[in-house]
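So the chains spell out like this:
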Amino acid sequence: MTNRSKISFVILNQFPKSAYLLFITLRRLRRKHRNHLPPNYRKPVINRQDSLKSPFDHKSKLLIVVPEDRYLDKSWIPGGGNLYFEILQSAREQLKIDEINYFVFPKSNYQSQGFANLLEVILSQNYTHCLASIETDPDDHKSWNWDDFGRNLNMFWTGTFIGLSTDSVYLLHQLRFSAFNSQYPNSILLGIDVSLMNIYLTAEIFAGPVFLPISSKSIEVLSVQDAQTSVVRKFDVVFVGKIYPYREPVLEYLSGLGLNIGINPHLKQNNHDEVPEFRDYIRALRMGRLALNLSRAGGVDLNQLKSRALEAPLFGTPVLSDDISLTSKYFRLNEEFLGFNYHSETIRNVLKVLDDEVAYQNLTVKAQLRATSISSSAFWDLIQKRCAE
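Small disclaimer: the values here were computed from a predicted structure and weren't measured.

## A short note on helix α4 (residues 83-94)
Point 1. Across its 12 residues, α4 extends 16 Å between first and last C-alpha, which sits within 8% of the 16 Å expected from 1.5 Å per residue.
Point 2. Within the span of α4, buried status applies to Y84, F85, E86, I87, L88, Q89, S90 and A91.
Point 3. For α4, the N-terminal cap is N82; the gap from its side-chain oxygen to the backbone nitrogen of Y84 is 3.0 Å.

See below:
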């Protein structure tokens, strides 16, 4: 954890009311010259009693906001690992509603233009639901103006806004969404990585944790690619991910137990900052008999639900996780994943499974079946449940 992250987390955690008031005050001071309204729009009279979270039905229309750089990225294909593509494709597979479409949020010299265009599309095409990642502005990862958009949205719309946060463990994202929700109350935050923390958000407006979806189309494409390439399980345990400082002692500990550990085997030696293609990442997970899930966030001392806990078993590699509470919300401990800590009994269980081929295959089959059953449905089931409450 960096000093900056430590200070930020302590302030946001220990002084939530003061932090919120300061944030709101600063936002109001910066709002004077901002205008996210489409041209020629006048404020209508809206009955806010009708502005309740609405469930999906056959008449619903969903708009998914996609940043332009992610839409133009080469990963915008089945099996490319692009989270926006996966959200869109899985929605089309899972939801039985009237329309599912996407809005490419453009890069612009005028910060408010993209939000004005988004609002115009929502209103002119009568969307009932909108989903967007709200951690930063879609066209500028260093800025955040969603509360201004929410204020204007509240003048015209009564639909349901679904905010998405993949790093809601960082309290700034929760604080920001609470500011958005104060402007547009008919909204929920889908926190991918953590359970409700009851600091800035309540159970009424927070849902999570849940895995990001992997569409059936992508699973099909990756499975075909996988069948065409033979992968040798050369490691007892494989770890694929960034090597944060706290992770090094864990890897050394497991190696000291006599386990053959593979660390980012798909990357060039000593180049752990390289960004591989998603299919290479999946192939690397399959090089181990177990895939190691180290769940602590890189910036704060809290655990997150990690995507690899779904991705690894989905393609045939059971997970060995240092997190029990979050992972066990979706997988059964010792039946669909293995957990470990520094207590000898958990390590003995891991070694026992690796030494017993029947037990290992049983674990593998159950884990893959479970992962397949929730790969895209868990995400949309949770959203539909919360929109119906």
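## With respect to the nonpolar core
Point 1. Ranked by size, the top nonpolar core spans 53 residues in total, and within it L62, I64, L131, L190, F379, W380 and I383 carry the most contacts.
Point 2. Sorting elements by how many residues they give to this core places helix α14 (residues 377-388) first, with 6 residues.
Point 3. In this structure L190 touches G163, L164, S165, A207, V210, F379, L382 and I383, once residues within four positions along its chain are discounted.
Point 4. Counting residues in each nonpolar core, the second largest holds 42 residues, with F23, L189, L201 and I205 among its members.

## Focus: the sheet that holds strand β1 (residues 61-67)
Point 1. In space, the 6 strands of this open sheet follow the order β2-β1-β3-β4-β5-β6, with parallel pairing throughout. Each end of this open sheet is capped by a strand with a single partner; those strands are β2 (99-105) and β6 (206-207).
Point 2. In the sheet, strand β3 (residues 129-133) pairs with strand β4 (residues 160-165) via 5 bridges, with the strands oriented parallel. Looking across to β4, one finds that A132 is bridged to G163.
Point 3. Relative to the sheet, helix α5 (residues 113-124) contacts β1, β2 and β3, its axis offset from that of β2 by approximately 165°.

## With respect to the pairing of strand β7 (residues 235-239)
On a regular strand, one side chain projects to one face of the sheet and the next to the other, so that they alternate.
Point 1. With 4 of 5 residues buried, β7 lies mostly within the body of the structure.
Point 2. With 3 bridges joining them, β7 and strand β9 (residues 288-293) adopt parallel strand pairing. When the sheet's bridge partners are listed, V238 is paired in β9 with A291.
Point 3. As paired elements, β7 and strand β8 (residues 261-263) share 3 bridges and run parallel to each other. For F239, the partnering residue across the bridge sits in β8 and is I263.

## Description of the sheet that holds β7
Point 1. Taken in spatial order, the 5 strands make up an open sheet running β8-β7-β9-β10-β11, and their pairing is parallel. Only two strands of the sheet have a single neighbouring strand rather than two, namely β8 and β11 (338-339).
Point 2. Strands in contact with helix α9 (residues 247-256) are β7, β8 and β9; relative to β8, the strand with the most contacts, it is inclined by about 150°.

Cut-offs and rules
Residues numbered from 1 in each chain as written. Predicted model: local features only at pLDDT ≥ 70, side-chain atom pairs only at ≥ 80, totals over all residues. Heavy atoms only, no water. Helix = DSSP H or I, 4+ residues; strand = E, 2+ residues; numbered from the N terminus. Expected span 1.5 Å × (residues − 1). Buried < 20%, exposed > 50% of the residue type's maximum accessible area, 1.4 Å probe, protein only. Polar contact = N/O pair within 3.5 Å; in protein donor to acceptor, adjacent residues only side chain to side chain. Core = buried A, V, L, I, M, F, W, Y, C linked by side-chain atoms within 4.5 Å. Contact = heavy atoms within 4.5 Å. Pairing = 2+ DSSP bridges. Axes fitted to C-alpha atoms, helices over the stretch in contact; angles between N-to-C directions.

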